[in-house]
Amino acid sequence: MSTKRLELRPAGLRDLGVLVRHWNDPSVRRYLFDDREVDPRLAETLLRDSETGFARHGYGLWQIFLQDVLIGVCGLRRRGEERVELLYSLDPGHWGAGLAAEAAQAVLAAGRRAGLKEVLIETDDGNVASQRLAERLGAVFEEAADGVRRYLVTLTR
């Protein structure tokens, strides 16, 4: 799937090495993985879940490419039976250019086409940039607990 500036390609096990490196960038994992190192087993689980998600639901994790260079990941992941969460990570060199929002809008549109009615976005209390992005995406603040702020994006409009 493509946007004005980006190409989004489904992520899979073949991408394990490059995504482990991306997710282990200290700035990337700071909020996404609570600053814990992402070992290959965790990344493999995420990618297997993504492949299953694409096969069953039509969504999962997409790699974000800018001019054929991988700059991040954005996707939708099921959380239990009732909720789907938007996840994203972007190389720090590309922060502040609106690329995360562009990728997230495309992923949310894919979720809408797949029949989703709402998507959860969780941000750490200190992650102001992600909170602003959630609001830019039209998400409404739901609650704050345990150091996490939860937002909900309605996709039916």
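My aim in this report is to walk through the structure given alongside it, one point at a time. (Residues numbered from 1 in each chain as written. Predicted model: local features only at pLDDT ≥ 70, side-chain atom pairs only at ≥ 80, totals over all residues. Heavy atoms only, no water.)

**Focus on the overall build of the chain**
- For the chain, the count of helices and strands is five helices and seven strands.
- For the chain, the α and β elements follow one another from N to C terminus as β-α-α-α-β-β-β-α-β-α-β-β.
- For a compact globule of 157 residues, the expected C-alpha radius of gyration is about 15 Å, and the chain comes in at 14 Å, within 12% of that figure.
- Dimensions along the principal axes, computed over C-alpha positions, put the chain at roughly 35 × 30 × 30 Å.
- Going through the 157 residues of the chain one by one, you find that 45% of them count as buried.
- Contacts in the chain between residues at least 24 apart in sequence constitute 60% of all its contacts with a sequence separation of at least 6.
- With an accessible surface of roughly 8,400 Å², the chain has 47% of that area assigned to carbon and sulfur atoms. (Helix = DSSP H or I, 4+ residues; strand = E, 2+ residues; numbered from the N terminus. Rg over C-alpha atoms; globule rule 2.2 N^0.38 Å. Buried < 20%, exposed > 50% of the residue type's maximum accessible area, 1.4 Å probe, protein only. Contact = heavy atoms within 4.5 Å. Areas by Shrake-Rupley, 256 points an atom, 1.4 Å probe, with all protein chains shown as cover.)

**Examining helix 3 (residues 40-57)**
- Taking 1.5 Å per residue, 18 residues should reach 26 Å; helix 3 reaches 25 Å between its end C-alpha atoms and fits that length.
- On its buried face, helix 3 is in contact with helix 1 (16-23), strand 2 (61-66) and strand 3 (69-79).
- At the N-terminal boundary of helix 3, the capping side chain belongs to aspartate 39, with an oxygen 2.8 Å from the backbone nitrogen of arginine 41.
- Phi for glycine 58, located one or two positions after helix 3, is positive at around 90°. (Expected span 1.5 Å × (residues − 1). Polar contact = N/O pair within 3.5 Å; in protein donor to acceptor, adjacent residues only side chain to side chain.)

**Observations regarding the packing of helix 1 against helix 3**
- For the pair helix 1 and helix 3, the least separation of the axes is 10 Å and the interaxial angle reads 115°. Comparing their axes, helix 3 and helix 1 come out roughly perpendicular. Relative to helix 3, helix 1 is oriented so that their crossing is right-handed. For the pair helix 1 and helix 3, the contacting residues are Leu16, Leu19, Val20 and Trp23 in the first and Pro40, Ala43, Glu44, Leu46 and Leu47 in the second.
- Looking at side-chain class alone, the contact of helix 1 with helix 3 contains eight nonpolar, no polar and one charged residues. (Axes fitted to C-alpha atoms, helices over the stretch in contact; angles between N-to-C directions. Parallel < 35°, antiparallel > 145°, perpendicular 65-115°, else oblique. Left-handed = near helix turned anticlockwise from the far one by under 90°. Nonpolar A, V, L, I, M, F, W, Y, C, P; charged D, E, K, R; others polar.)

**Focus: the layout of surface pockets**
- Estimates place the volume of the largest pocket at around 1,100 Å³.
- Lining of the largest pocket is provided by 40 residues; of these, Tyr31, Leu32, Tyr88, Asn127 and Ser130 occupy positions nearest its centre.
- Elements with a contribution of two residues or more to the lining of the largest pocket: helix 2 (26-32), helix 3, strand 3, strand 4 (83-90), helix 4 (99-113), strand 5 (118-124) and helix 5 (128-136).
- For the lining of the largest pocket, the class distribution of residues is 22 nonpolar, eight polar and 10 charged.
- Within this model, the second largest pocket holds a volume of roughly 200 Å³.
- The set of elements that each furnish at least two residues to the lining of the second largest pocket consists of helix 3 and strand 3. (1 Å grid on protein atoms, 1.4 Å probe; cavity = no way out; pocket = protein on both sides within 12 Å on 5 of 7 lines; lining within 4 Å. Points joined across faces, edges and corners; volume = space filled by probe spheres on them.)

**A word on the nonpolar core**
- Within the largest apolar cluster, 30 residues are counted, with the highest numbers of intra-cluster contacts made by Cys74, Leu76, Leu86 and Ile121.
- Counting only elements with at least two residues in this core, the list comes to strand 2, strand 3, strand 4, helix 4, strand 5, helix 5 and strand 7 (148-154).
- Here the element with the most residues in this core is helix 4; it accounts for eight residues.
- Once residues within four sequence positions are removed from consideration, leucine 86 is found in contact with Cys74, Gly75, Leu76, Ala104, Val107, Val119, Leu120, Ile121 and Leu137.
- If you look at the next biggest cluster of nonpolar residues, it comprises 15 residues, including Trp23, Phe33, Phe65 and Leu70. (Core = buried A, V, L, I, M, F, W, Y, C linked by side-chain atoms within 4.5 Å.)

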